[in-house]
Amino acid sequence: MRHPLIFLTAATLFAWIYHVPAYAGSPAKAAEVPATTQLPRSVRPSHYDVSITPDTDAMKFSGKVGITVEVVEQTNDITLNAVDMVFSSVSLTDAAGQRTWNASRIEVDTSRQTATFAFDHELGKGRYRLVLDYTGKIATQAAGLFAIDYPMADGQKRALYTKFEDSDARRMIPAWDEPAFKATFTLEVAVPGGQMAVSNMPMASQTNLPDGRSLVRFAPTPKMSTYLLFFGLGEFERIAVAHDGVELGIVTKKGSTGQAAFALESSKAVLKEYNDFFGMKYPLPKLDNVAAPGRSQSFSAMENWGAIFSFEHSILLDPAISSQSDRQRSFQIAAHEIAHQWFGNLVTMRWWDDLWLNEGFASWMAGRTTEKLHPEWNTALDEISRRERAMDQDALETTHPVVQHVETVEQVRQAFDGITYQKGAAVIRMVENYVGPETWRNGVHGYMKKHAYGNTVSDDLWMQIEAAAQRPIKAIAHDFTRQPGVPLIRVESAICANGETTLKLTQGEFSKDRPMKKPLHWRVPVIVRQIGSELSYNTLVRNGAATIKVPGCALVIVNAGQAGYYRTLYRPAHIGQITSNFSALKPIDQIGVLSDTWSLGMGGLQTPAYFLDLIKATPLAADPQVWGKIAAEFATLDRTYSGDPAHRAIFRKFAIGRLAPKLAQVGWIARPDESDTVAILRDQLVETLGTLGDAAVIGEARRRFTARSADASALPGTLRKAVLRVVAVNADTATWDQLHAAALSEKGPMIKDQLYDLLAATEDAGLAQRALDLALTAEPGETIGAAMIRRVALLHPDLAVDYALANIARVNTQLDASSRSRFFPSLARGSFDPAMIVKLNAYAAAYLLPTARRDAKAAVANIEYWIKVRRERLPLIDAWLARNSN
């Protein structure tokens, strides 16, 4: 059923505001240590009345906000956050409404992103109302209030959205724009005829204006941080379904709601699961997910309370182009963002030091929920890949703790990374496994109940988990969240005597770039299991060592089930036994062992031959995700061999020899009874083999591409992306021109964006340069050009970096503020040229504040590491390939 907007009657609104139990409870106890702030502590807001009148043609807006504030320390001025605003009127009225003072002075500090209003009157303690009239800018990238232009069959359209996290609410509303300054909000917007406005809460009223617009007013929000406020405006449609007193909706551009059915179904299932898990029902009357065309270089979705924002490519499913991977991604993004409605929105980190409380928990919760509600996807195995991304970053000198000290806006933006998300989720997974799922859940219940509508630090969570577990947890948690790095568990010996196996374990640290580093110490929960057994045995490695006894003499796997955040280093004889018995391992442990041997081999702690031995021992019948892991690492090795065609050809022959039989088994055509994991593997194999230069795969992909117009079955939606990627990577000039013509004529934003992405995916350097030249024109769209440059960088990092630096002013216009300090380093990460290190350092010195250089330093460390791999590890792989040439 379609709903253009939700309305609440006055009676319903009154009942909701005053009788929902969640709002009747006492406020959370204030933290003993004051929250970090960049603003004076003398004034606190409690409510904002916001009125916005957009002028989309002029890309500006006028605003008026009335803020109820509490002066807690006597003062003559009020300072809040504001960016790119011009104030025309500032006044302050006392609580009784009897006296009003106009600001005697307005000072805007651009560098600190603040505005200060001085009054010729001493403001004593008490309540006041601050009223501000101002104008602001509508951006072209996702920061503050921004516009997205997109093509439709009846012409070009423009829609408005907001993205306020981390520190961009101040671009639309003068506000105390920090997470601890929670307040309630009412929002009203002047809406042009034929357009729909969406916000966190349902519409409360709509008044027609003489000029054909309408004034839409939304119901007041719960108490929340500024970064969670949302506003969207455009030619939208909405589908909705009710569940347990909440109306769930998906909002799309007109004509796209048919692609939203799975997202809506998923949202309903996830909300039901979360209401049960958290022991507290979702407290708002509606929950929308607003799907927008375009994309950002820094995020795919944002958890605004009651009005999640997602780019449509990440949440909608178009049968013509969407794969099984897209389906899983849609579900997982919904699960992640809905988890934030509790962890992040209802309970919010006090300051950005504890951002992981939001993002790590939501990442863990999404993984847990996907695994529970879609067991057929077997996504427990995917969690290892996410953990690996964190470990890759965490093993470099440039890493940082999960709980990190944040002082500036630039540092906040750098905090949204693999440590915060993936390591945070991995640590939660490990601790949950250590205390048990029910104990963990009981601890979360206590945390949510105690801190609802408040702000917290990490120890608030650990105290509740420890109370539920009735044993020390904080010390373990602190080891993994307050210090950086990856523990290394060495299996020093595994000796069988008298019918039991004794394992001696020691703890070191895995580092990719500091082989002589003195290891940190962790208390590490370790689980071991014998091959062929379902029984697990646990120990806690502390003070650097532990011994564990296991009944029987069968081969033992350490980190069985892969819940631990650490690397496992076996003795050569032990890894030899694992290789001989590899087919008997559970798939999750096969992937875990492959991951450890890959990283330890590339990092120089053991020979990379062990990894290749495992691949050689992998049976054709192994789990599809095991083969997916092998395909992914083959693709990485192939990039590492770039610039060495002779040795690359030898490697490719081996890699194709392993993957091609698996593709022959899987086939190009989906079978009616095949699993989702097989469908995903098919795409991976086609793309990887096409990248490796497999003539048979390239030929078949080109045949299907050529036949697509006459034979619709040649390019089914589920296979389309993989086939087109192979065609694009191996494109000649004529094929590239065909793809370009298709992009120019396409009217659907999702397909159009995908085609421009393909133009940038070519291996031919000349065609890659054409893609770069195209990226910064108006043709692809303001949100697509930067994505094209990043796509070129995957195969041509040096070309992409040189082009982006030569056009840095124009490139910056295609980046939202939160991604600028990260974008250029991301282009360079795949380079093997020492000269790139010089370029990156020069770029950082010229354009980045010292506090904003973490990503540049990490990219340099990554380049240095892969140069070392190419120099020291590839010769060992070459030798293995020579010994195993048959």
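Refer to the structure printed above.
Residues numbered from 1 in each chain as written. Predicted model: local features only at pLDDT ≥ 70, side-chain atom pairs only at ≥ 80, totals over all residues. Heavy atoms only, no water.

### Side note on the overall build of the chain
Then, in step 1: Scanning the chain for helices and strands turns up 29 helices and 29 strands.
Then, in step 2: Computed over C-alpha atoms, the radius of gyration of the chain comes to 28 Å, within 12% of the 29 Å expected from 2.2 N^0.38 for 886 residues, which places it in the range of a compact globule.
Then, in step 3: Structurally, the chain occupies a C-alpha span of about 90 × 65 × 55 Å along its principal axes.
Then, in step 4: Evaluated residue by residue, the chain yields a buried proportion of 61% over its 886 residues.
Then, in step 5: Put simply, 71% of the contacts in the chain that link residues at least 6 apart link residues at least 24 apart.
Then, in step 6: With 95 positive and 94 negative side-chain charges, the chain shows a spacing of 3 Å between the two charge centroids. (Helix = DSSP H or I, 4+ residues; strand = E, 2+ residues; numbered from the N terminus. Rg over C-alpha atoms; globule rule 2.2 N^0.38 Å. Buried < 20%, exposed > 50% of the residue type's maximum accessible area, 1.4 Å probe, protein only. Contact = heavy atoms within 4.5 Å. Lys, Arg positive; Asp, Glu negative; His and termini not counted. Charge placed at Lys NZ, Arg CZ, Asp CG, Glu CD.)

### Concerning the state of the cysteines
Then, in step 1: Under the counting rule described, the total for this entry stands at one disulfide.
Then, in step 2: Cys496 shares a disulfide with Cys553; S-S distance 1.5 Å. Linking Cys496 in strand E23 (residues 486-497) with Cys553 in the loop between strand E27 (545-551) and strand E28 (556-558), this pair joins segments that are 57 residues apart in sequence.
Then, in step 3: Looking at Cys496, the relative accessible area reads 36%, which means it is partly exposed.
Then, in step 4: A residue is classified by how much of its surface remains accessible, and Cys553, at 49% relative accessible area, is partly exposed. (Disulfide = S-S within 2.5 Å.)

### Considerations on unusual backbone geometry
Then, in step 1: For the bond running from Glu165 to Asp166, omega is 10°, close enough to zero to count as cis.
Then, in step 2: Inspection of the secondary structure puts Asp166 in the loop between strand E10 (155-163) and strand E11 (184-191).
Then, in step 3: Phi is positive for Gln113, which is not a glycine, with a value near 55°.
Then, in step 4: Here Gln113 lies in the loop between strand E6 (105-109) and strand E7 (114-123).
Then, in step 5: Positive phi is not limited to glycine here, since Gln470 has a value of about 60°.
Then, in step 6: Within the fold, Gln470 resides in the loop between helix H11 (458-469) and helix H12 (474-481).

### Overview of helix H22 (residues 749-759)
Then, in step 1: Of all 11 residues in H22, 11 are buried, a share of seventy percent or more.
Then, in step 2: Of all the positions in H22, only Pro749, Met750, Ile751, Lys752, Asp753, Gln754, Leu755, Tyr756, Asp757, Leu758 and Leu759 are classed as buried.

### Here's the deal with the nonpolar core
Then, in step 1: Leu130, Trp176 and Trp440 are the most contacted members of the largest nonpolar core, which totals 283 residues.
Then, in step 2: Not counting chain neighbours up to four residues away, the residues in contact with Leu130 comprise Val65, Gly66, Ile67, Ile78, Leu80, Val90, Ser91, Leu92, Phe117, Phe119 and Trp176. (Core = buried A, V, L, I, M, F, W, Y, C linked by side-chain atoms within 4.5 Å.)

### Some thoughts on the environment of Thr568
Then, in step 1: Structurally, the position occupied by Thr568 is in strand E29 (residues 567-570).
Then, in step 2: Under the relative-accessibility criterion, Thr568 is labelled buried at 2%.
Then, in step 3: Taking the C-alpha atoms as reference points, Thr568 and Val427, 141 residues apart in sequence, are found 16 Å from one another.

### Describing the sheet that holds strand E1 (residues 43-55)
Then, in step 1: Pairing within the open sheet is mixed, and its eight strands lie in the order E5-E4-E8-E2-E1-E11-E14-E13. Both edges of this open sheet fall to strand E5 (100-102) and strand E13 (203-208), since each of them pairs with a single strand only. Neighbour to neighbour, the strand axes of the sheet diverge by 15° on average, direction disregarded.
Then, in step 2: When E1 meets strand E2 (residues 60-71), the two strands line up antiparallel, connected through 12 bridges. Residue pairing across strands places Pro54 opposite Phe61, the latter belonging to E2. (Pairing = 2+ DSSP bridges. Axes fitted to C-alpha atoms, helices over the stretch in contact; angles between N-to-C directions.)

### Some points on the pairing of strand E18 (residues 286-292)
Then, in step 1: Counting buried residues along E18, seven of its seven residues qualify, which places the element largely inside the surrounding structure.
Then, in step 2: Alignment of strand E17 (residues 246-253) against E18, held across five bridges, turns out to be parallel. By the bridge assignment, Val251 is partnered in E18 with Val290.
Then, in step 3: Once the chain exits E17 it traverses helix H3 (residues 261-278) before rejoining the sheet at E18, and the crossover so formed is left-handed.
Then, in step 4: Here E18 pairs with strand E20 (residues 307-311) via five bridges, running parallel. The residue bridging Asn289 from the neighbouring strand is Ile308, located in E20. (Right-handed = clockwise from strand over helix to strand, strands pointing away.)

### Brief notes about the packing of aromatic side chains
Then, in step 1: Scanning the entire structure with this criterion turns up 41 aromatic pairs.
Then, in step 2: Plain terms: the ring middles of Phe278 and Phe343 are 6.5 Å apart, the flat faces sit at 40° to each other, and that makes the pair tilted. Residue Phe278 is found in helix H3, and its partner Phe343 is found in the loop between helix H5 (324-340) and strand E21 (348-349); the two are separated by 65 residues along the sequence.
Then, in step 3: By relative accessible area, which is 1% here, Phe343 ends up buried.
Then, in step 4: Ring pairing ties together the aromatic residues Tyr274, Phe277, Phe278, Tyr282, Trp342, Phe343, Trp356, Phe361, Trp364, Trp440, Tyr447 and Trp462, which thus form one cluster.
Then, in step 5: For Arg870, the ring lying beneath its charged end belongs to Phe832, and the centroid distance is 4.0 Å. (Phe/Tyr/Trp six-rings, centres within 6.5 Å; stacked < 30°, edge-to-face > 60°. Lys NZ or Arg CZ within 6 Å of the ring centre and 35° of its normal.)

### Digging into the sheet that holds E6
Then, in step 1: Spatially, E3-E7-E6 is the arrangement adopted by the three strands of the open sheet, whose pairing is antiparallel. Here the strands that pair on one side only, and so sit at the sheet edges, are strand E3 (75-81) and E6. The average angle at which neighbouring strand axes cross in this sheet is 25°, direction not considered.

### Considerations on the packing of helix H10 (residues 437-451) against H11
Then, in step 1: Here H10 crosses H11 at 130°, and the two axes come no closer than 8 Å. Compared by their axis directions, H10 and H11 come out oblique. Helix-helix and strand crossings are classified by hand; for H10 and H11 the assignment is right-handed. In this structure, H10 contributes Thr439, Trp440, Asn442, Gly443, Val444, Gly446, Tyr447, Lys450 and His451 to the contact, and H11 contributes Asp460, Leu461, Trp462, Gln464, Ile465, Ala468 and Ala469. (Parallel < 35°, antiparallel > 145°, perpendicular 65-115°, else oblique. Left-handed = near helix turned anticlockwise from the far one by under 90°.)

### Notes on the pattern of salt bridges
Then, in step 1: Across all of its chains, the model carries 51 salt bridges by this definition.
Then, in step 2: Where Lys64 meets Asp133, a salt bridge forms, and the shortest distance between an N and an O atom there is 3.1 Å. Residue Lys64 is found in strand E2, and its partner Asp133 is found in strand E8 (residues 126-137); the two are separated by 69 residues along the sequence.
Then, in step 3: Linking Asp855 and Arg822 is a salt bridge whose minimum nitrogen-to-oxygen distance equals 3.3 Å. Of this pair, Asp855 sits in helix H29 (residues 854-883) while Arg822 sits in helix H27 (residues 820-828), and the two are 33 residues apart along the sequence. Comparing Asp855 with Arg822 shows no difference in burial state: the two are buried.
Then, in step 4: Several salt bridges share partner residues, and in doing so they unite Asp84, Asp166, Asp168, Arg171 and Arg413 into one network. (Salt bridge = Lys/Arg side-chain N within 4 Å of Asp/Glu carboxyl O.)

### Notes on helix H21 (residues 733-745)
Then, in step 1: Given a rise of 1.5 Å per residue, 13 residues ought to cover 18 Å, and the 18 Å separating the end C-alpha atoms of H21 matches this to within 8%.
Then, in step 2: All of the buried residues in H21 are Thr735, Trp736, Leu739, His740 and Ala743. Taken down its axis, H21 places every buried residue within 140° of arc, on the same side.
Then, in step 3: Against the buried residues of H21 lie helix H19 (695-707), helix H20 (717-729), H22 and helix H23 (765-775). (Expected span 1.5 Å × (residues − 1). Arc of directions from axis to C-beta.)

Just geometry here; none of it tells us what the structure is for.
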